[in-house]
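Summary of structural features
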Amino acid sequence: MTEMVYGSVPTRDGEPILPRWWRTIDKWSLSAVFLLFGIGLLLGLAASPPLAQRNGFSDFFYVQRQAFFGTVAIFTMFAFSLMSPQTVRRLAVIGFACSLVALMLLPILGTDYGKGAVRWFSLGFGSIQPSEFLKPLFIVVAGWMIAASNEVAGPPGKSYSFALALFIVLLLALQPDFGQASLVLFSWGVMYFVGGASFFILAGMAGLTVVGGALAYQNSDHFARRIDGFLSAEVDPTTQLGYAANAIREGGFFGVGVGEGTVKWSLPDAHTDFIIAVAAEEYGLILVLVIIFLYATIALRSLFRLMRERDPFIRLAGTGLACTFAVQAMINMSVAVRLLPAKGMTLPFVSYGGSSLIAGGILIGMLLALTRTRPQGEIADHLIRRGR
Amino acid sequence: MTRTPLRPLARILAARRAGENPDIIERQNLAERHEAERDSARARAEGRLLVLGVVFLCAFTMVSLKMSMIAGSDPVEPRAAASGAQILATRADITDRNGRILATNLTTHALYAQPPLMIEPERAARELVKIFPDLQEERLLRQFTGGRKFIWIKRRISPEQQQAVFDIGDPGLLFGPREMRLYPNGQVAAHVLGGAGFGREGVSSAEVIGVAGLEKAMDAELRDPGRGDVPLALSLDLTVQAAVERILEGGMRLMNAKGAAAVLMDINTGEIVSIASLPNFDPNDRPQPLTTGDPGDSPLFNRAVQGVYELGSTYKIFAVAQGIEERLVSRSTMVDIQGPLRWGKHKIRDFRNYGKALSVEDVIVKSSNIGTARIAQMIGTERQQAFLGDLGLLETTPVELIEARGARPLVPKNWSEISTMTISYGHGISASPLHLASAYATLLNGGLKVEPTLLKKDYPVPGPRIISEDTSRQAREMLRQVVTRGTASFGEVAGYRVGGKTGTADKPKSTGGYYEDKVIATFASVFPVDDPQYVLVVTLDEPVETSGQEPRRTAGWTAVPVAAEVIRRVAPLLGLAPSLSLDVETGTPTGITLARN
C-alpha cells in the first residue's frame, strides 16, 4: 500500500559508492600520500626559487605549477581508487597501448630540451614524459599476464610479459633513460618473484649478477673506477653528491631553519633529484625520517594488505605498483646518502615535475584501488574445505 | 594436435557408461584444480610478500641509518678552504739539495665582483680605485653598471688590500682563495725556476702551472696529486748559487760584459750545483718577453742553457785527448805549427807565432790553433764526429729545463776536413756553456759519460766509458799546465789546484762574418785536478778589460779571473779542504798559509 502511494523505495545493489570507498580504502596510505604531497609543496617553496630566478620567472612560479599538477594528480588518484580492479585493468591496458605508441614515437616527435636525452613531448604550455605513465600501466598489464599464466591451461603470460618488458627497456635505453629502464625491469622481476618464480632460477640470476659484476670490475677500467669512486670514503665536495652530503651534515638533526639553506643555490637538480638534500638541510633529519616513514608506510601497508589478497591479478599488480613506488623513493634517497651510485630518479610526489606527479597519482590511485578491503572468502575457507 | 587427457578418467568412463554428461565432471575437476592451484599460489605468495616486506623494511631502515650517520657527523668547515688545501697539495714545493725552499705556495685571494649583488656601484668603484691606483674608475663603473654578472677585478691581492676591500662593505665584492707560487729567494736561480702562472681558473680555486724553466719542464711531476707533500729536491745548493750569482755579477760589471753565464757541475754525477745567467729577473714578477730585437738580450734568456755560442779554444782539449786516446800522439810528440796552415783557400793562424814546433802538451798550454788542427787531421772527420757525439756536444742536453729542449748545438751542414780542423779549436761549432760543462765532466772525471741534471741524485749512476782513465788523467794534467804556465795564469787558486782551458771566440754577426771587437770569452775548469770533484764553466758575453793600455778581450784576462774568484769563494762552501802539499811542477808551496788575497 505504501509503495502504491509513495512509489517504491529505491533499491541499491549494495552500499553507496563514497561511503564504501571510505570504508574499504587504506586510509593510512591515503594520508601518507597527502602528507608527502604537502611536504613536496613545502620543499618546493624552498628549493625552486633559485631555478625560477635563473629562468626569469617569479619566485614561486614552480610552486604554483606544482600545486596545480598536484591537484590534478590527486583527483586522478581519487578517480582511479574508486574503480573496481577490473576497470583498473581495462583502463590500464588501453592506456598502456597508448603510452607505448607514444614512447615509440618519441624519437620522431620528441624533444630533448638540450639535456641530451629525448624523453619529452613538448605541448607548448608544458611537456609530457610518456615513460612516467607507461611504468604503472605496464605493471598492471604485466601483472595481468603473469596471473593469467598461472591459470590452468592459461597463456604463457610470463614469457609474453618478459618480452614486453625487454622491448620497453630497449626503447628506454635508446632515449637513453636507464633509470626508468631499470625500474621497469625491477617491477617485472618483483611480480615474477611473487608470481611463483622457482628459487632455482632466482638463485641462478643472483649468481649471474655477482659473477657478471666481478668480471666487469676486473675487466673494465671504467666500471672499476666508478665502483671504486663510489666505495671510497672520500667524496669530492664540488660534485653534486658532495654538495648533497654536505647539506645533510649542515642540517644535522633539526635543520638550519626554513629558507636558510644554501644547497639549493649550488645544485642544479635541487628541486627534483636532490630534493631530499634540501629537506635535510632546512628541516633536518627529522623531516627526512618522516618522509622515509611515509614511504615505508605506503609500501609496507600495501604489501601487508596484498598478502591476504586472494585474486592473483590483484596481488601481482598491487605488488608491482607498491614495490616500484617504494624502490623509486629509496633509490632517490640512497643516492643522496651515497648508498647507491648516482642515478637520476625523482622522489615520487615530492620532487617537482608534472608528468611524474600525475603518473604518481595514477600509480597510487591504482594501488589504492587494488588494496581496498574486499571479501576474501575467509568464511568459505573455514566452512567449506571441499574435502581438502 | 595435443590431446587433453580426460580427467579424472575413471569417473568419466563410469559416467559415460551410465550415460551421464562427462563434461560436468571434467568442469568440476577443472574448477577444483583451479582452486587448489590458487590456494597454493596464494600461500606461496604470502611468504614471498612477507620476504619483500622485510627487505623493504631493512632497506628503508638502512637509508634512515645512513642519513642519521651523515646528519650526526660534523660538517666539513669551511668548504672553500678545503678545496684550496687540495690545490696546495697539488703543486709540490721545490727545494735545493739541502732542503732549503726555492719555490713554495702561498694562499692569497682574488677579488671579483657580482654586479647584481652590488648596492652602491659608484661608491664601490671610487673606493676600489683608492685601494688599487692602477684601476680606472670609469671603466669599473661601466662594468659594474653594465649587463655583466661576473667580473674579475684583481687576480691576487694582499691581506691588507683584502681588508681594505672588506671595509668598503659592498656585498657584491667577493673573494676567491688563490694559491700563488712564491719564490722566496727572489732572483736567485731565477732561470732554473722559471716561474708559474694561473691555468684554468674558477671562483674558489685556480690551477697553478709552470710557464718556464724547471717549473714547466717538471710541471706534471710537480702537480702529480699522488706526490703528497714531498718537495722536489734539486741538485742546486742555494748558498753556492747565491755566491756564484754575486761574483758573476761583479765580474760582469768589472769586465764590462753585457752578459755572463756560469755552470758548476759535480764531475761524477752531473748534478748541477749552480747554474747562473745574467742579467736575470725575479720569477715572482716575470717580465714580459721582448717583442722586438734579439730575444737573447732579454733577461729571460738563459745564457747557460739557451745561449748557443762558439766556445773557441776550450774545445782543443777534446782533439788532443782523442789523439792520445787513439794513440796517434803522446803528450811529448812534437807537432809542426808553422803557419799559416793552408787548406784550400782557408788559412789557419795562431794568436801569436809560437815557433816551428810544439809538443802536444804545449799545443794546449799555448793554445795553438795550427797544432790542434794538425792533430784533428790525423783523427779524421768520422772519428771526431763520433767522439764529440759521445761527449754530448751534438745533441740537446737532457737537463730538466724547458729551454734546454730548444738549444740544439749548431754544427756545419757539410762536415768537411776544413770543418774538422776548425772545430778542433772550437770554431764553426756552437754549443751552450752547459754542453761544455757536461763534456768536460765526462772527459775529466776518469772518462765516464755524465748527463747534466738539476735533480738531486741519491747515489751516482756510472755512465758508459768514453775514454780511458789514463787519458782522462793526462788531460787533467795538461789543463793544470794551462793554469800554472799557460794562458789561464789568473786561474790559480791557492790550495785548490785548478786546471782549465781558456777560449776566446769572435762573435758571429747576424749578417754573416765575425765582429772584430766582440768576443765570447770562456774558461772551462776542473778542480782539484788530482782528485777531480767539480767542473766550472764561466762565459762572458762581450767582455772588455780596460785596465791596461789597450783593451784586452781574451778569456785569460776576463773570464779566468772571474772563474778563479768563484772557485776561491765557492770551494770552501762545497766542503773542499785546501791542499797544503807542495806543487810538483813549480816547487813552491801552494798552501793556504801562503795565500795572500
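As the structure is a computational prediction, the values presented were derived from the model and not from experiment.

A few words on the overall build of chain B. A tally of regular secondary structure across chain B gives 18 helices and 18 strands. In chain B, buried positions account for 43% of the 597 residues. Taking as baseline every contact in chain B between residues at least 6 positions apart, the subset at least 24 positions apart corresponds to 69%.

Looking only at helices and strands, chain A has 17 helices and two strands in total. Per-residue burial over chain A gives 45% buried out of 388 residues.

This part takes up the environment of I292(A). Relative to the helices and strands, I292(A) is located in helix 14 (residues 275-307). When near neighbours in sequence (up to four residues on either side) are disregarded, I292(A) contacts M333(A), F60(B), V63(B) and S64(B).

All names here are of chain B. In terms of burial, strand 18 (residues 534-541) is a largely internal element, eight of the eight residues being buried. Of the two faces of strand 18, the one holding Y534, L536, V538 and L540 and the one holding V535, V537, T539 and D541 are both buried throughout. With eight bridges joining them, strand 17 (residues 514-527) and strand 18 adopt antiparallel strand pairing. Opposite T522, over in strand 18, you have T539 as the bridge partner. Once strand 17 ends, the chain turns through six residues before running back antiparallel as strand 18.

On to the UniProt feature "transmembrane region" (unreviewed entry) in chain A. Residue and element names in this part refer to chain A. Under the UniProt annotation, the feature "transmembrane region" (unreviewed entry) is placed at residues 28-47, 67-85, 91-113, 159-178, 190-217, 283-304, 316-337 and 349-370. A distance of 28 Å separates the end C-alpha atoms of residues 28-47, which is 100% helix and 0% strand. As annotated, residues 349-370 comprises 77% helix and 0% strand, and the C-alpha atoms at either end are separated by 20 Å.

All names here are of chain A. Where helix 7 (residues 130-149) meets helix 16 (residues 354-370), the closest approach of the two axes is 8 Å, and the angle between their N-to-C directions is 15°. It follows from the interaxial angle that helix 7 and helix 16 lie roughly parallel. For the pair helix 7 and helix 16, the crossing hand works out as right-handed. Along its contact with helix 7, which presents E132, F133, K135, P136 and V140, the element helix 16 presents S355, S356, A359, I362, L363 and M366.

Many authors give the size of an interface as the accessible area that is lost as the parts come together. Between chain B and chain A, the contact holds 35 residues from the first and 43 residues from the second. Going through the elements one at a time, helix 2 (22-72) and helix 3 (79-90) of chain B are the ones with two or more residues in the side of chain B that touches chain A. With 28 residues, the top contributor of residues to the side of chain B that touches chain A is helix 2 of chain B. Its residues placed into classes, the side of chain B that touches chain A shows 19 nonpolar, six polar and ten charged.

Counting residues in hydrophobic clusters, the biggest one holds 123 residues, and the most contacted among them are A262(B), V535(B) and I567(B). In terms of residues, this core owes the most to one element, helix 18 (residues 559-573) of chain B, which gives nine residues. Here this core spans two domains, and each of domain 1 (81-233) and domain 2 (239-286 + 299-594) of chain B adds at least three residues to it. If near-sequence neighbours (up to four positions away) are discounted, I567(B) is found in contact with V493(B), Y496(B), V498(B), F527(B) and L536(B). V33(A), M77(A), V288(A) and Y295(A) belong to the second largest nonpolar core, which has 112 residues in total.

Side chains that are three or four residues apart share a direction in an α-helix, a result of its 3.6 residues per turn. The end-to-end C-alpha separation of helix 2 of chain B is 74 Å, in line with the 75 Å expected for 51 residues at 1.5 Å each. Among the structural elements, helix 9 (178-194), helix 12 (240-251), helix 14 and helix 15 (312-336) of chain A are those in contact with the buried residues of helix 2 of chain B.

Before going further, it helps to spend a moment on the environment of G318(A). Residue and element names in this part refer to chain A. Looking at the element boundaries, G318 is found in helix 15. A residue is classified by how many C-beta atoms lie within 10 Å of it, and G318, with 29 of them, is buried. Put simply, G318 and T371 are 53 residues apart on the chain and 7.0 Å apart in space, counted from C-alpha to C-alpha. Contact partners of G318, with chain neighbours within four places excluded, come to S302, L306, E309, L367, L370 and T371.

Turning our eyes to something else, we now look at the environment of L357(A). All names here are of chain A. Structurally, the position occupied by L357 is in helix 16. Separated by 225 residues in the primary sequence, L357 and E132 place their C-alpha atoms 9.1 Å from one another. Setting aside chain neighbours within four positions, we find L357 in contact with F69, G70, A73 and F349.

The next subject is the packing of helix 15 of chain A against helix 16 of chain A. All names here are of chain A. The N-to-C vectors of helix 15 and helix 16 enclose an angle of 140°; their axes lie 9 Å apart at closest approach. Put simply, helix 15 runs oblique to helix 16. The chirality of how helix 15 crosses helix 16 is left-handed. Contacts from I314, A317, G318, L321, A322 and F325 of helix 15 reach helix 16 at L363, M366, L367 and L370. When grouped by side-chain class, the residues that make up the contact of helix 15 with helix 16 number nine nonpolar, one polar and no charged.

So, about helix 6 (residues 159-168) of chain B. Buried residues are scarce in helix 6 of chain B, accounting for one of its ten residues. Remark: G169(B) follows helix 6 of chain B within two positions and exhibits a positive phi of approximately 80°.

All names here are of chain B. Ordered in space as 9-8-18-17-16, the five strands form an open sheet in which the pairing is antiparallel. A single partner strand is all that each edge strand has here, and the edge strands are strand 9 (272-278) and strand 16 (499-508). The mean inter-strand angle of the sheet, taken between neighbouring strand axes irrespective of direction, is 10°. Here strand 8 (residues 259-266) pairs with strand 18 via eight bridges, running antiparallel. Across the sheet, the residue bridging to A262 is V538, located in strand 18. Those strands touched by helix 16 (residues 433-444) are strand 8, strand 17 and strand 18, and its axis lies near 150° from that of strand 18. Along the sheet, helix 17 (residues 469-485) contacts strand 16 and strand 17; its crossing angle with strand 16, the most-contacted strand, is approximately 70°.

This part covers the confidence of the model for chain B. Residues and elements named next belong to chain B. Per-residue confidence for chain B gives a mean pLDDT of 85, with 92% of residues at or over 70. Confidence drops under pLDDT 50 across residues 77-89; counting only partners more than four residues distant or on other chains, this segment forms 22 contacts. Across residues 591-597, confidence stays below pLDDT 50; counting only partners more than four residues off in sequence or on other chains, it has ten contacts. For this predicted complex, the interface score ipTM comes out at 0.88, while the overall pTM is 0.55.

On to unusual backbone geometry, then. All names here are of chain B. Between L278 and P279 the backbone carries a cis peptide bond, its omega angle lying at -5°. Structurally, P279 can be placed in the loop between strand 9 and strand 10 (309-310). Between F527 and the following residue, P528, the backbone shows a cis peptide bond with an omega angle of -20°. Position of P528 among the secondary structure elements: in the loop between strand 17 and strand 18.

Cut-offs and rules
Residues numbered from 1 in each chain as written. Chains lettered and ligands numbered in written order. Predicted model: local features only at pLDDT ≥ 70, side-chain atom pairs only at ≥ 80, totals over all residues. Helix = DSSP H or I, 4+ residues; strand = E, 2+ residues; numbered from the N terminus. Buried ≥ 20, exposed ≤ 12 C-beta atoms within 10 Å, placed from the backbone. Contact = placed C-beta atoms within 7 Å. Pairing = 2+ DSSP bridges. UniProt positions renumbered as here; feature names shortened; annotations may be inferred. Axes fitted to C-alpha atoms, helices over the stretch in contact; angles between N-to-C directions. Parallel < 35°, antiparallel > 145°, perpendicular 65-115°, else oblique. Left-handed = near helix turned anticlockwise from the far one by under 90°. Nonpolar A, V, L, I, M, F, W, Y, C, P; charged D, E, K, R; others polar. Core = buried A, V, L, I, M, F, W, Y, C linked by C-beta atoms within 7 Å. Domains from an automatic or database assignment. Expected span 1.5 Å × (residues − 1). pLDDT = per-residue confidence, 0-100.

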